[in-house]
Amino acid sequence: GAVVSQHPSRVICKSGTSVKIECRSLDFQATTMFWYRQFPKQSLMLMATSNEGSKATYEQGVEKDKFLINHASLTLSTLTVTSAHPEDSSFYICSARVGWAYNSPLHFGNGTRLTVT
Amino acid sequence: RKEVEQDPGPFNVPEGATVAFNCTYSNSASQSFFWYRQDCRKEPKLLMSVYSSGNEDGRFTAQLNRASQYISLLIRDSKLSDSATYLCVVNDRDDKIIFGKGTRLHILP
């Protein structure tokens, strides 16, 4: 099946620093990738849709200057949390869809647990 | 009305029992439906797509009721390893993907 690889799986950083998270589609090309955030015992929240070769589309309330998304190739999207603060501590998950059809399911990366101290 | 609604549970079910839960959706134009399971502190994993005619995969049966706008998941002969949160996912025609908040299932030994 389709595999989405996400790195790192866990990161601890100091307040004010930036953290980059990578999401790769290993055996398929992903024109679109999705970035989600999940706080403890909460549901997945879509942050942004990453489009290869163009700007990401951010959901309402998500700061595009804080959460920088780059989708430079068909197999790689990155999310950079800039000037991280403790409230940014969360579980960040990327996902991609194989194919264009709306009935194609999402496949998720294994997530990145970010802790900002 | 919320776009996708699920009973958060938890459902505490003895091992071997059958359990079912529903998910309702508000957009009648929704086109595709999925069930995912998410284990604690892990990413969601696709359990099964839900087809119009209903579909079965081993102990799991998914059904779609378009008239009443809900999908269901039935788990037979439940195992301890079925303990997880089950997420309902709805994809509407303009490609908006909506996740339910999930239903927590605890299988009791």
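Our structure's up above, just so we're on the same page.
These numbers come from a predicted model, not from an experiment.

What follows deals with unusual backbone geometry. Of all residues except glycine, most have a negative phi; of all peptide bonds, most are trans. Following His 7 of chain A, the chain continues to Pro 8 of chain A via a peptide bond in cis, the omega torsion being -5°. Its location among the elements puts Pro 8 of chain A in the loop between strand S1 (4-7) and strand S2 (10-13). Note the cis peptide between Gly 9 of chain B and Pro 10 of chain B, where omega equals 5°. Tracing the chain through its elements places Pro 10 of chain B in the loop between strand S1 (4-6) and strand S2 (11-14). Phi is positive for Ser 83 of chain A, which is not a glycine, with a value near 45°. Among the secondary structure elements, Ser 83 of chain A is positioned in the loop between strand S8 (76-81) and strand S9 (90-97). One non-glycine residue, Arg 41 of chain B, lies in positive phi territory at about 65°. Inspection of the secondary structure assignment puts Arg 41 of chain B in the loop between strand S4 (30-38) and strand S5 (44-50). Here Arg 41 of chain B falls in the exposed class, since its relative accessible area comes to 53%.

Right, let's talk about the interface of chain B and chain A for a bit. With 18 residues of chain B at the contact, the number on the chain A side is 18 residues. Overall, the association of chain B and chain A removes approximately 1500 Å² of surface from exposure, summing both partners, and the carbon and sulfur fraction of that is 57%. At the surface where chain B touches chain A, the tally comes to 0 salt bridges. Run the count over chain B and chain A and you get 3 residue pairs in polar contact (both at pLDDT 80 or more). Elements with a minimum of two residues in the side of chain B that touches chain A: S4, S5, strand S9 (84-92) and strand S10 (97-99) of chain B. Of the residues contributing to the side of chain B that touches chain A, the split by class is 7 nonpolar, 5 polar and 6 charged.

Cut-off values and rules
- Residues numbered from 1 in each chain as written.
- Chains lettered and ligands numbered in written order.
- Predicted model: local features only at pLDDT ≥ 70, side-chain atom pairs only at ≥ 80, totals over all residues.
- Heavy atoms only, no water.
- Helix = DSSP H or I, 4+ residues; strand = E, 2+ residues; numbered from the N terminus.
- Buried < 20%, exposed > 50% of the residue type's maximum accessible area, 1.4 Å probe, protein only.
- Contact = heavy atoms within 4.5 Å.
- Buried area = accessible area lost by both parts, 1.4 Å probe.
- Salt bridge = Lys/Arg side-chain N within 4 Å of Asp/Glu carboxyl O.
- Polar contact = N/O pair within 3.5 Å; in protein donor to acceptor, adjacent residues only side chain to side chain.
- Nonpolar A, V, L, I, M, F, W, Y, C, P; charged D, E, K, R; others polar.

Remember that the coordinates give geometry; whether it matters functionally is a separate question.
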